[in-house]
There are 2 protein chains.
Amino acid sequence: MSDATFYATNPATGERLEPAFHEAGDADVNAAVAAATKVFDATLDLPPRWPADLLDAIADRILALGDALLERGEAETALPRARLTGERARTVGQIKMFAGIVREGSWVEAVIDTADADRKPMPKPDLRRMLRPRGPAAVFGASNFPFAFGTLGGDTASALAAGCPVVVKGHPSHPGTSQMFADAARDAIAALSLPPGLFALLQGTRHELSAALVKHSNITAVGFTGSLRAGRALFDLAAARPSPIPVFAEMGSINPLIILPGALAERKADIAQGLAASVLLGGGQFCTKPGVVFAVGEGGKSLVSRLQKVIGHTQPITMLNPSLRDNFMRRVHEWSRTDEVGAIDAPDEAVGAAGTWPALFETDAQIFQREPTLREEVFGPSTLVVHCNDRAELLACLDTIEGSLTGTVHVGEGDHEADVRVVLRKLEGKVGRVIVNGYPTGVEVCNAMVHGGPYPATTDPASTSVGSAAIRRFVRMTAYQDTPDALLPAALKNSNPLSIERTINGKRTRDPV
Amino acid sequence: MSDATFYATNPATGERLEPAFHEAGDADVNAAVAAATKVFDATLDLPPRWPADLLDAIADRILALGDALLERGEAETALPRARLTGERARTVGQIKMFAGIVREGSWVEAVIDTADADRKPMPKPDLRRMLRPRGPAAVFGASNFPFAFGTLGGDTASALAAGCPVVVKGHPSHPGTSQMFADAARDAIAALSLPPGLFALLQGTRHELSAALVKHSNITAVGFTGSLRAGRALFDLAAARPSPIPVFAEMGSINPLIILPGALAERKADIAQGLAASVLLGGGQFCTKPGVVFAVGEGGKSLVSRLQKVIGHTQPITMLNPSLRDNFMRRVHEWSRTDEVGAIDAPDEAVGAAGTWPALFETDAQIFQREPTLREEVFGPSTLVVHCNDRAELLACLDTIEGSLTGTVHVGEGDHEADVRVVLRKLEGKVGRVIVNGYPTGVEVCNAMVHGGPYPATTDPASTSVGSAAIRRFVRMTAYQDTPDALLPAALKNSNPLSIERTINGKRTRDPV
């Protein structure tokens, strides 16, 4: 085991934060995964709703961390207390949502087709299928939501809900926050006398740690939120394994926001306010930040003036860590140097340890289509307004963009429904979530949410990392043919002991077989 | 466009079958995918149940091919007429099953969470999600089920059902059969005045053709049934694309079949008969052929004697093509040379163009655990009996095997339920479908079927290539936030114009919003 350690840094002040954290090495990975593997076999003998009890207990213990969690979170991320308080509520809320889903139980999609001994030419066997946990899962915490996408964020909650033991690789930007969450999980597991191997936190700054975890032969699935480069690297490692596993990576996204001529004419001031707020929310460090704005028709120029007023009056923004800030500045300078991209407001100097100013750019549809760099995410407080003369220019621009988490259209009374339909149709092919007359930041945790989208927004457009459907990433399907009732999992037994909704011979019901 | 052509060979006689088929090249791939891409956009404006009409029309036209299809199929595969007649019924049946699923409509998993303007601290938006087709799909036909897993097999049917245009790469063993299916599809599309680009067949013998199809940037998903080597090659190509896509490959499988001591004592003769029939079905060329039999306790030796009687009296078997036969012979000779693996019956010479004899081997638990080659699929008419002294030896053997499509346990009155449970638990972690007191060949097409399993059985243990859930491979998820009713897809509109079952605020219902 290595003796190496690392520290968190306060991004607002640049000061080193105590204590030191152990840099996990291969031995730690092997120990955590071995424990998770052993525990996985054991959990299959537990009452099927054990994850509900565990998740509820974890939620309670997160709240019990009290202000200490908020303080440490603020020190490590420079995110304001109010934001972290809200994020804590969301984190606890989504853990409890998954607990509720597990307790209700129907999420396993139990499907039963009963036998027919008289069928010709062959008798029909009894077949029953359900979703089962894949096995030990690896989760990579994100820096930008240290609670909701962190150590006990949505990935961990949905993997545990599915019944998978979880090994988390904490984000090195906030190791103290991660450790507090890990302590909460450990206490909850102990209080319920569940096996400790159900959850482990590995901390470290080295890529080798992430690689070792993803390559471990007993890891069966990976949840990740972060940069395209890091997500793709993990995806590639997982695909190249002797036995490949899925990496559900939620990565970069430009989140196109379209303002149609009617909306621009009717609601320019409102949209400028709402858009600026969405761009600046959380320091522009949301995966759903609207990074490219297509203003169609007259009025785009005065929208930019209004945006500039809001964005130009913003105070410097402290980003989550110096490395993100440096990347942001590099990208902003790259754009500033691009011919014919107007830098309306763009920082030329960094501020303090991880500070910067917001940036605003404008260009036209031709330049946008010509310069690939304009179609790549800039992570941080900036947006680019693309002036489109008409709908044809807009559609040509949309043809050139890649997948995003979200796509937004602002529609006014003056916009014809048929025109809007064409735009929406084009947009929905590129994104996981379409929004009309709203803003993409703010991701509702509910049954109908899709926080996903075509590559490079994610590595799997059939999945979501937010909302109840997130649980499906951590399951596989198993069928049982002619299996005696006593040997079937509870969800598939004739008497329906869990009282769940099942599909029996094509009909949804809670009745027994 | 290349002028190269190729011919089918009759595996029974070795004779070349007319006519010549064009070897598709890059230009053909590009043309087919371009047409599919253009059509995909257009289909989104069609009434949402168009795939149901198309699938029904295709099924009718397959039947209308009449005896000509059976004759060509027999000439190209050497599969007997009765088998092909049954397979045609299954093929038509599964196409009609998918038509029914599309016509009923609830498969899109419409989920609606309505708005709550009064929610604190933030109003709750209206969110609706559903499954949408991914886009153009590529399907690779298999050789061993020229109808049911062929050009219009389950992969094509489920992809079309999802709403994806399909480009099929036909298996080069039976190009005439593939062409007849393609003609049926083309006629059905024309009769319904649907766009021709919905379906294309590419034929060829070169790996480069498969690679070009999988690497085409507009292909969004791949269905494949075939060998581990070929499936993994396509998977690797797809994962390495700039924009990776899923390859749902159903590949090799040893399909362990366990006979517990009670079953062995009570039903030895029956099991020997049933097992031999399952091993020899379709010339041993089923993906679910029981390739390894674990006989636990006394009685294994006399099971082998009984198996030998059935297998030793079998006539030579003509395999699907000379290359499969040569591979089979190579693997059989490899096993025969392994120390302490007893070759009870094993062919030493090939017969005719693609003929061979069935093979039977036996060994013990120690050798099985020691020799990795014994845990790899042998595609063809053979099986290996592994003698296990007790349950501990059986469990140790099971620990060493990789994923399979199926796992079977034969249980007798004399076997204790607790012991059976331990075996079943171990087995279900390794396979997609557990069977008790039956045989794995014969894959029922129904809602509860899982024809899948952990790698290397497939590349995605969360999916199935048979049964209604197969449609899920070809979809992605899209959410709509605060989108006016007029702009929503029909499945998500307030009035529920398709009368489908939806989940509204957590409740399943066919009611409007």
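Shown above is the structure to which this text applies.
Here goes a summary of the coordinates provided. This one's a predicted model, so the numbers in the text were calculated from it and none came from an experiment. Throughout this description, residue numbers start from 1 for each chain and increase along the sequence as written. Here the convention is simple: chains get letters from A, ligands get numbers from 1, in the order in which they are written. Local features in this predicted model are restricted to residues whose pLDDT is 70 or higher, and side-chain atom pairs enter the listing and the counts only when it is 80 or higher, whereas totals over whole chains, interfaces and linings include all residues. Neither water nor hydrogens contribute to the side-chain values; these are computed over all heavy atoms in the structure.

### Re the overall build of chain A
Moving on, step 1. A run of H or I in DSSP counts as a helix once it spans at least four residues, and a run of E counts as a strand once it spans at least two, with each numbered from the N terminus. Scanning chain A from terminus to terminus reveals 14 helices and 21 strands.
Moving on, step 2. Here the C-alpha radius of gyration of chain A, 25 Å, is about what a compact globule of 513 residues would show, namely 24 Å.
Moving on, step 3. Residues counted as buried form 62% of the 513 residues belonging to chain A.
Moving on, step 4. Note on contacts: a residue pair qualifies if any of its non-hydrogen atoms lie within 4.5 Å across the two residues. Pairs at least 24 residues apart make up 75% of the contacts formed inside chain A by residues separated by at least 6 positions.
Moving on, step 5. Shrake-Rupley sampling with a 1.4 Å probe provides the accessible areas, and residues are treated as covered by the protein chains on show and by no other component. Surface accessibility of chain A: about 18100 Å² in total, with carbon and sulfur atoms responsible for 53%.
Moving on, step 6. In this tally, Lys and Arg are treated as positive and Asp and Glu as negative; His is ignored, and so are the chain termini. Charge positions are represented by NZ for Lys, CZ for Arg, CG for Asp and CD for Glu. Positive and negative side-chain charges in chain A, numbering 51 and 58 respectively, have mean positions lying 5 Å apart. Computation of the radius of gyration draws on C-alpha atoms alone. For the globule rule, the value is 2.2 Å times the number of residues to the power 0.38. We call a residue buried when its accessible area falls under 20% of the maximum for its residue type, exposed when it is over 50%, and partly exposed in between, using a 1.4 Å probe and counting protein chains only.

### What about the packing of aromatic side chains?
Moving on, step 1. Only Phe, Tyr and Trp rings are paired, with Trp represented by its six-membered ring, and only when their centres lie within 6.5 Å; those with planes under 30 degrees apart are stacked, over 60 edge-to-face, the remainder tilted. Here the structure, examined in full by the defined rule, presents 16 aromatic pairs over all chains.
Moving on, step 2. Taking 4.8 Å as the distance between ring centres and 50 degrees as the angle between the ring planes, the aromatic pair formed by F145 of chain A and F286 of chain A counts as tilted. One end of the pair, F145 of chain A, is in the loop between strand 5 (137-140) and helix 5 (154-162); the other, F286 of chain A, is in the loop between helix 9 (261-280) and strand 11 (292-296), with 141 residues separating them in the sequence. Here F145 of chain A and F286 of chain A have matching classes, each one buried.
Moving on, step 3. Seen in terms of ring centroids, W335 of chain B and F361 of chain B are 5.2 Å apart; in terms of plane orientation they differ by 75 degrees. Their pairing is edge-to-face. Within this pair, whereas W335 of chain B is found in helix 11 (residues 322-337), its partner F361 of chain B is found in strand 15 (residues 359-364), the two being separated by 26 residues in sequence. Of the two residues, W335 of chain B and F361 of chain B, both sit in the buried class.
Moving on, step 4. Put simply, the rings of F145, F149 and F286 of chain A touch in pairs and so form one group of aromatic residues.

### Side note on the side chain of D415 of chain A
Residue and element names in this part refer to chain A.
Moving on, step 1. Note that D415 resides in the loop between strand 17 (404-410) and helix 14 (417-428).
Moving on, step 2. Within 3.5 Å is the distance limit for a polar contact, defined as a pair of N or O atoms, with the added protein rule that one can donate a hydrogen and the other accept it, and that residues adjacent in sequence qualify only through two side-chain atoms. Polar side-chain contacts of D415 include one of 2.7 Å to the backbone nitrogen of G262.
Moving on, step 3. Sequence-distant contacts of D415, defined by excluding residues within four places in its chain, comprise L260, P261, G262, A263, H410 and V420.

### A word on the relation of the copies chain A and chain B
Moving on, step 1. Overlaying chain A on chain B yields an RMSD of 0.0 Å, the required transformation being a rotation through 180 degrees with an accompanying axial translation of 0.0 Å. Between the two chains, the operation in question is that of a two-fold axis. Proximity to the rotation axis, assessed at the C-alpha, singles out A239 of chain A in chain A; its C-alpha lies 3.2 Å from the axis. To line up the copies, we fit them by least squares on C-alpha atoms, keeping just the residues with pLDDT of at least 70 in both.

### Section: the nonpolar core
Moving on, step 1. Grouping buried Ala, Val, Leu, Ile, Met, Phe, Trp, Tyr and Cys residues that are joined through side-chain atoms within 4.5 Å yields what is termed a nonpolar core. Core analysis: the largest hydrophobic core is formed by 270 residues, its most contacted members being I258 and F294 of chain A together with I258 and F294 of chain B.
Moving on, step 2. Look past the residues within four positions of I258 of chain A in its chain and what remains in contact with it is F294, V296, L394, L398, T408, V409, H410, V423 and L427 of chain A.

### A word on the sheet that holds strand 10 (residues 257-259) of chain A
Moving on, step 1. For two strands to be treated as a pair, DSSP must find at least two bridges joining them. The 12 strands are arranged 13(A)-15(A)-16(A)-11(A)-10(A)-17(A)-18(A)-19(B)-4(B)-3(B)-20(B)-21(B) in an open sheet whose pairing can be described as mixed. Since the sheet does not close on itself, it has two edges, and those belong to strand 13 (342-345) of chain A together with strand 21 (507-509) of chain B, each with one partner. On average, adjacent strands in this sheet sit at an angle of 20 degrees to one another, irrespective of strand direction.
Moving on, step 2. Bridge count between strand 10 of chain A and strand 17 of chain A: 3 bridges; the pairing is parallel. Considered in strand 17 of chain A, the bridge of L257 of chain A is made with T408 of chain A. Comment: axis = line fitted to C-alpha atoms, over the contacting stretch for helices; angle = value between 0 and 180 degrees taken between N-to-C directions.

### Focus on the pairing of strand 2 (residues 16-22) of chain B
Residue and element names in this part refer to chain B.
Moving on, step 1. In this sheet, strand 2 lies alongside strand 1 (residues 5-9) in antiparallel orientation, the contact comprising 4 bridges. Looking at strand 2, one finds that T5 is bridged to H22.
Moving on, step 2. Remark: 6 residues form the turn of the hairpin made by strand 1 and strand 2, two consecutive strands paired antiparallel; G14 in that turn has positive phi of roughly 80 degrees.

### Points about the interface of chain A and chain B
Interfaces are often sized by the accessible area lost when the parts come together.
Moving on, step 1. Each partner contributes to the interface: chain A provides 67 residues, whereas chain B provides 67 residues.
Moving on, step 2. Computed with a 1.4 Å rolling probe, the buried area is the accessible surface lost when two parts are put together, summed over both parts. Interface of chain A and chain B: buried area, both sides summed, is about 5500 Å²; carbon and sulfur atoms make up 53% of it.
Moving on, step 3. Ranking the residues of chain A by area buried against chain B places R476, M477 and L487 of chain A at the top, with a combined share of 12%.
Moving on, step 4. For this document, the term salt bridge refers to a Lys or Arg side-chain nitrogen within 4 Å of an Asp or Glu carboxyl oxygen. The tally of links from chain A across to chain B stands at 5 salt bridges.
Moving on, step 5. We note a salt bridge from E428 of chain A to R132 of chain B, for which the minimum N-O separation is 2.9 Å.
Moving on, step 6. One can count 37 residue pairs in polar contact (both at pLDDT 80 or more) joining chain A with chain B.

### Observations concerning unusual backbone geometry
Moving on, step 1. The omega angle of the peptide bond from K120 of chain A to P121 of chain A is 0 degrees, so this bond is cis rather than trans.
Moving on, step 2. Of note, P121 of chain A is situated in the loop between strand 3 (111-113) and strand 4 (127-133).

### Overview of the environment of G231 of chain B
Residue and element names in this part refer to chain B.
Moving on, step 1. Examined against the element boundaries, G231 turns out to sit in helix 8 (residues 228-239).
Moving on, step 2. With relative accessibility at 0%, the residue G231 sits in the buried group.
Moving on, step 3. It is 15 Å that separates the C-alpha atoms of G231 and S463, two residues lying 232 residues apart in sequence.

### Let's talk about the packing of helix 7 (residues 207-215) of chain B against helix 8 of chain B
Residues and elements named next belong to chain B.
Moving on, step 1. At a minimum axis separation of 9 Å, helix 7 and helix 8 run at an interaxial angle of 35 degrees. Remark: the crossing between helix 7 and helix 8 carries right-handed chirality. On the side of helix 7, the interface is formed by S210, A211, V214 and K215, while helix 8 contributes L234, L237 and A238.
Moving on, step 2. Taken together, the residues of the contact of helix 7 with helix 8 sort by class into 5 nonpolar, 1 polar and 1 charged. Handedness of each helix crossing follows the sense of rotation of the near helix against the far helix: counterclockwise by less than a right angle gives left-handed, clockwise gives right-handed. Nonpolar residues are Ala, Val, Leu, Ile, Met, Phe, Trp, Tyr, Cys and Pro. Charged residues are Asp, Glu, Lys and Arg, and all others, Gly as well, are polar.

### Structural notes on the sheet that holds strand 5 of chain A
Residue and element names in this part refer to chain A.
Moving on, step 1. Spatial strand order, 7-6-5-8-9: 5 strands in an open sheet with parallel pairing. Single-partner strands in this sheet number two, and they are strand 7 (199-202) and strand 9 (247-250). Across the sheet, the mean angle from the axis of one strand to that of its neighbour is 15 degrees, orientation sign disregarded.
Moving on, step 2. By the bridge criterion, 4 bridges tie strand 6 (residues 166-169) to strand 7 in an arrangement that is parallel. Bridged to V167 within strand 7 is A200.

### Focus: the pattern of salt bridges
Residues and elements named next belong to chain A.
Moving on, step 1. Here the structure, examined in full by the defined rule, presents 63 salt bridges over all chains.
Moving on, step 2. For K96, the salt bridge goes to D56, with nearest N and O atoms at 3.8 Å. With K96 in helix 4 (residues 81-104) and D56 in helix 2 (residues 50-64), this residue pair connects regions lying 40 residues apart in the sequence.
Moving on, step 3. Using a relative accessible area of 18% as the deciding quantity, one classes D56 as buried.
Moving on, step 4. A salt bridge links R508 to E501; its shortest N-O distance comes to 2.7 Å.
Moving on, step 5. Here the salt bridges share partners, and the residues they tie into one network are D53, D56, D60, K96 and R103.

### Brief notes about helix 4 of chain A
Each α-helix winds once per 3.6 residues, and so residues spaced three or four apart point in a common direction.
Moving on, step 1. One less than the number of residues in a helix, times 1.5 Å, gives the span that helix is expected to have. Its 24 residues place the ends of helix 4 of chain A 34 Å apart at the C-alpha level, agreeing with the 34 Å of an ideal helix rising 1.5 Å per residue.
Moving on, step 2. Note on helix 4 of chain A: the residue one or two positions beyond its end, G105 of chain A, has a positive phi of about 95 degrees.

### Examining the packing of helix 4 of chain A against helix 5 of chain A
Residue and element names in this part refer to chain A.
Moving on, step 1. Relative orientation of the contacting elements helix 4 and helix 5 amounts to 15 degrees, with a least axis distance of 9 Å. Relative to helix 5, helix 4 is oriented roughly parallel. For helix 4 against helix 5, the interelement crossing comes out right-handed. Of the residues in helix 5, those touching helix 4 at Q94, I95, F98 and V102 are G154, A157, S158 and A161.
Moving on, step 2. Along the lines of polarity and charge, the residues of the contact of helix 4 with helix 5 split into 5 nonpolar, 3 polar and no charged. Working definition: roughly parallel below 35 degrees, roughly antiparallel above 145 degrees, roughly perpendicular at 65 to 115 degrees, and oblique for all remaining angles.

### Looking at the environment of L281 of chain B
All names here are of chain B.
Moving on, step 1. Along the polypeptide, L281 turns up in the loop between helix 9 (261-280) and strand 11 (292-296).
Moving on, step 2. A residue is classified by how much of its surface remains accessible, and L281, at 39% relative accessible area, is partly exposed.
Moving on, step 3. As for L281 and Y480, which are separated by 199 residues in sequence, their C-alpha atoms are 49 Å apart.
Moving on, step 4. Non-local contacts of L281, meaning those with residues more than four positions away in its chain, are made with F286 and T441.

### Examining the environment of D419 of chain B
Moving on, step 1. Within the element layout of this structure, D419 of chain B appears in helix 14 (residues 417-428).
Moving on, step 2. On the basis of relative accessibility, which here comes to 29%, the residue D419 of chain B falls in the partly exposed class.

### Some points on the side chain of S143 of chain B
Moving on, step 1. With respect to the helices and strands, S143 of chain B occurs in the loop between strand 5 (137-140) and helix 5 (154-162).
Moving on, step 2. Ignoring anything within four residues of it in the chain, the contact list for S143 of chain B reads H171, S173, H174, L320 and L324 of chain B.

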